[in-house]
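Understanding the architecture of this molecule
These are the residues of each chain, in order.
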Amino acid sequence: MEMTCYFVLRGECSPDTFNILFLAVYGARFSLHIYLESSQCGICSPSKVLQHCCEVYVVYLGLNKIHDPILTTNHHLQLLSNVFARKEEAEKSMLYSYKRSFSGFSAMLNSTQATTLAEMDGVISVFRSRMVELHTTRSWDFLGLNLASHSSEANPLQLAYGHDVIVAVLDSGIWPESYSFREEPGTGPIPKSWKGQCVSGDKFDPKRACNRKLIGAKYYCKGFERKFGSLSKSEYRSARDFNGHGTHTASTAVGSSVKNASFFGIAQGTARGGAPRARLAVYKVCWSVGMDTKCTEADIIAAFDDALGDGVNVISASFGLPAPFKPFFLSSADIGSFHAMQQGVSVVFSGGNDGPDPSLVGNVAPWSICVAASSIDRTFPTRILVDRNLSFVGQSFVVKPINAELVYAIDYFADGACMCRVCRGRNWNKKTARGKVILCFSTVGSVFVDEAELAAFNASASALIFVEPVNRQVPEVDIIPTILVDIIQGTRMYHYLGLSPKGKVVVVQISPSMTVIKKSPAPAVAMFSSRGPSSLAPDILKPDITAPGINILAAWPCKTPPTTLLPNDPRSVNWNFQSGTSMSCPHVSGVVALLKSAHPDWSPAAIRSALMTTAYTSDTTQDSILYGGIAKPADPFDIGAGHIDPVRAMDPGLVYDLKTTDYILFLCNIGYTISQIKRIVEISPGTIISCPKSFPLTNSNLNYPSITVSNLQSTMTLKRTVRNVGRKKTAIYFASIVEPNGVEVKVWPRVLIFSCFWEEMSYYVTLKPEKHSQGRYDFGEIIWSDGFHSVRSPLVVLVNTSTNRSNTTAAAAEE
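As a starting point, this report considers the structure included with it. (Residues numbered from 1 in each chain as written. Predicted model: local features only at pLDDT ≥ 70, side-chain atom pairs only at ≥ 80, totals over all residues. Heavy atoms only, no water.)

**Focus on the sheet that holds strand E36 (residues 716–724)**
Strand order in this open sheet of 4 strands is E34-E36-E40-E38, and the pairing throughout is antiparallel. Each edge of the open sheet is held by one strand with a lone partner, namely strand E34 (654–655) and strand E38 (743–748). (Pairing = 2+ DSSP bridges. Helix = DSSP H or I, 4+ residues; strand = E, 2+ residues; numbered from the N terminus.)

**Looking at the side chain of asparagine 800**
Here asparagine 800 shows up in the loop between strand E42 (790–799) and helix H21 (802–814). Within the structure, asparagine 800 has its side chain in polar contact with the side chain of asparagine 711 (distance 2.9 Å). Not counting chain neighbours up to four residues away, the residues in contact with asparagine 800 comprise Asn711, Leu712, Gln713, Ser773, Gln774 and Gly775. (Polar contact = N/O pair within 3.5 Å; in protein donor to acceptor, adjacent residues only side chain to side chain. Contact = heavy atoms within 4.5 Å.)

**Focus on the sheet that holds strand E37 (residues 731–738)**
Read across the open sheet, the 5 strands follow the order E35-E42-E41-E37-E39; overall the sheet is mixed. Here the strands that pair on one side only, and so sit at the sheet edges, are strand E35 (707–712) and strand E39 (751–754). Between one strand axis and the next, the sheet turns by 20 degrees as a mean value, whatever way the strands run. (Axes fitted to C-alpha atoms, helices over the stretch in contact; angles between N-to-C directions.)

**So, the pattern of salt bridges**
Applying the stated criterion across every chain, the model contains 26 salt bridges. Residues arginine 86 and glutamate 89 are paired through a salt bridge, measuring 3.5 Å at the closest nitrogen-oxygen approach. For arginine 86, a relative accessible area of 37% corresponds to the partly exposed category. You can call glutamate 89 buried: its relative accessible area is 3%. Lysine 294 serves as the salt-bridge partner of aspartate 292, at 3.5 Å between the closest nitrogen and oxygen. Under the relative-accessibility criterion, lysine 294 is labelled partly exposed at 22%. What emerges from the salt-bridge pattern is a single network uniting Arg100, Lys218, Asp306 and Asp310. (Salt bridge = Lys/Arg side-chain N within 4 Å of Asp/Glu carboxyl O. Buried < 20%, exposed > 50% of the residue type's maximum accessible area, 1.4 Å probe, protein only.)

**A few points about the nonpolar core**
Ranked by internal contacts, the top residues of the largest apolar core, which has 116 residues, are Tyr283, Val312, Ile315, Phe329, Val588 and Leu611. For this core, the leading source of residues is helix H11 (residues 297–310), giving 8 residues. What valine 312 contacts, discounting residues up to four positions off in sequence, is Ile166, Ala168, Trp194, Ala281, Tyr283, Ala307 and Val345. Within the second largest apolar cluster, 25 residues are counted, among which are Phe413, Cys440, Ala461 and Leu464. (Core = buried A, V, L, I, M, F, W, Y, C linked by side-chain atoms within 4.5 Å.)

**Notes on the environment of arginine 750**
Relative to the elements of secondary structure, arginine 750 occurs in the loop between E38 and E39. Each C-alpha atom, one on arginine 750 and one on alanine 735, is 5.3 Å from the other, the two residues being 15 residues apart in sequence. Once residues lying within four places of it in the same chain are set aside, the contact partners of arginine 750 are Tyr733, Phe734, Ala735, Ile737 and Trp784.

**A closer look at the state of the cysteines**
One pass over the structure, following the stated rule, counts 4 disulfides. Paired through a disulfide, cysteine 668 and cysteine 691 show a sulfur-sulfur distance of 1.8 Å. Disulfide cysteine 668-cysteine 691: the torsion about the S-S bond is -80 degrees, which places it as left-handed. One end of the pair, cysteine 668, is in helix H19 (residues 660–669); the other, cysteine 691, is in the loop between helix H20 (674–680) and E35, with 23 residues separating them in the sequence. Residue classification places cysteine 668 among the buried positions, given a relative accessible area of 1%. (Disulfide = S-S within 2.5 Å.)

**Thoughts on empty space enclosed by the protein**
Computed from the structure, the largest cavity encloses a volume of approximately 170 Å³. Around the largest cavity, the lining comprises 18 residues; the ones closest to its centre are Leu321, Phe325, Ser331, Asp334 and Asn363. The set of elements that each furnish at least two residues to the lining of the largest cavity consists of H11, strand E16 (319–320) and helix H12 (332–342). It is H12 that provides the largest number of residues to the lining of the largest cavity, a total of 3 residues. In the lining of the largest cavity, the residues fall into 9 nonpolar, 5 polar and 4 charged. (1 Å grid on protein atoms, 1.4 Å probe; cavity = no way out; pocket = protein on both sides within 12 Å on 5 of 7 lines; lining within 4 Å. Points joined across faces, edges and corners; volume = space filled by probe spheres on them. Nonpolar A, V, L, I, M, F, W, Y, C, P; charged D, E, K, R; others polar.)

**A look at the side chain of lysine 542**
Structurally, the position occupied by lysine 542 is in the loop between strand E28 (524–525) and strand E29 (545–548). For lysine 542, a relative accessible area of 0% translates into the label buried. Here the side chain of lysine 542 touches aspartate 544 through a polar contact of 2.7 Å, side chain to side chain. Lysine 542 has contacts with Val361, Val364, Ala365, Pro366, Ser368, Cys370, Gly532, Ser534, Phe637 and Tyr704, leaving out every residue within four places of it along the chain.

Any link to function would need more than the numbers given here.
Below, the structure is given as structure tokens:
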């Protein structure tokens, strides 16, 4: 019988104390629970006992008004000492003191201590440090930043801009030997504004690893080790990348130009990042746990603090928390990006990979950029010939021809569900499939492709033909050749096998995959890309924009196998395919670096506006962007303002900027007091901080490039202000409107006349519901045009009048 054993320890505890107790009860199959008094959390060293009594908490204090790192840390220790018996205990409890760019700290605390700190004067928020999830040769051509036809040089935009822009990548580290991180010809000295450094560590020598391209490298693992214990033996206690994700995203954002990049000959071309002349600073915050990778908020916020203090210009962060989402300023990403915005640093986040279900988009703060993922016009068709008679075309990364017998999955797996024994139950019948290609349906047993791959691999199959709906097909680097085919083709193969004479060997021939460009409609939003509306701020459209995120080829550590499904994958590659919003995020980060270089006086809000108002919503066939590969148009909750267009974003004509007063109103609306706002917002002289006495509970009036109203019950008027950043000081813009269904839209004035550079003008949008509706979003747009520029704002409205009508009727009936 299993029993539960409870201990309450008083006095100083040590790892030895815990180990003795643990060994004493383990053999007796006791379930061990240890509780310690509040004051003990600082004494315990990083051992398993800590995981029972304490958690890592982040204590956020707002702006750093002391401006002295030593004094700031002393202030943090003094504050922390209030919940410990002795100062020494507080010192041992603290992991990080955030003292360079904002004020706060992280420490090992129990819930009582955390609650006590949260109630202290001057504390903005206290929250547990949670686990954060990690969410190219053709993509830049597809975005219009082509290589010149007569040389290997990049598009003039990529050559002319980015030289002194420093892009920080918060991820799993860097493989510095990759050609993507070598200095471009003509690279100048490191910008004088740079205050960071390359930190030495395990297999990372700054003298060899860093140069005028990779100018900074740091790592943060205190929060991770307090949660999971010491790093695994295979990990590098340094900025060196073990996982591969960080190397991939960094090279996508700012990688140098490299000829003849490919994955075993597939997708061959010249690889480079969006801003190949920009500088790179790496902050390793994500670490391997078995076959997974984890990042903690305590480490992430420490990296934000350092990156801003080091002098970076752009921050790229391809990670996020899953739903349910915490309120703003109870998240490391929201806090770090807010202070980045105040310092003029643009922060780009991935939106998440939880699509296609609605309202799961993450990283939705209005001061950062949130990116969805979509396809490019490159496919990898793979020909399948059955019995030299039937021809099919799938998608894959097959590098060698295959000639084998085609067989049913049911011959090897119970009920035909392709599940391996270690994946889900004992489904494999232990019968070998050597020399055979297994036909497997995703619809049998609700199997995912990676699970089917493992199952086929365990059965020693030569290859796998995986049948699933076309909208869910994303070719991946596999452990055995895996060809994706749609349900129609898969059904034909299935029927052919069934009609073949008993005992007949059905032979399948699979040709190596081809690389085909410009033959398929693109972009199409990825099915996995997280969708809006935002559950935290429904009156702000998120994601903001979409960018390439499917089958992106980028740099990879040569000692990390291209697939992490099996630890004994013997392959070594310098380039690898990855898909996800993690890949679309650095595409936008690279473009932001170009914009920052071309327009150094633009704020993060102005840069985001330029990206959004110049985005497009049609694919290469001039039809609407499709929703995940099916015949349904994507809407703003799928792609935000549309697909990024770097060339047009350089000259947007007008921009929507956000001022301090905008953020103050936003903070008022989400419930912050005047005293709290004063501790968060950097106030310029003359700015009056006040919350309206009867302010609306909507943020639709925020001067955002998109307009979203999540609850239109009656006529509403919104204000927007635009700034002329065009090349002509005199400009006349005319408004055109596409009304959402059931909504009358009036814009006043309909003409904006600018007479000088950087002049600002405001206009008003009146929305009037004209239908009885409840819970239905409709979409339109407002476009300002001067004949050259087209400044487009999505218009997203939910008319909610049926409830009012039914309530009025019910009230009248009661009277």
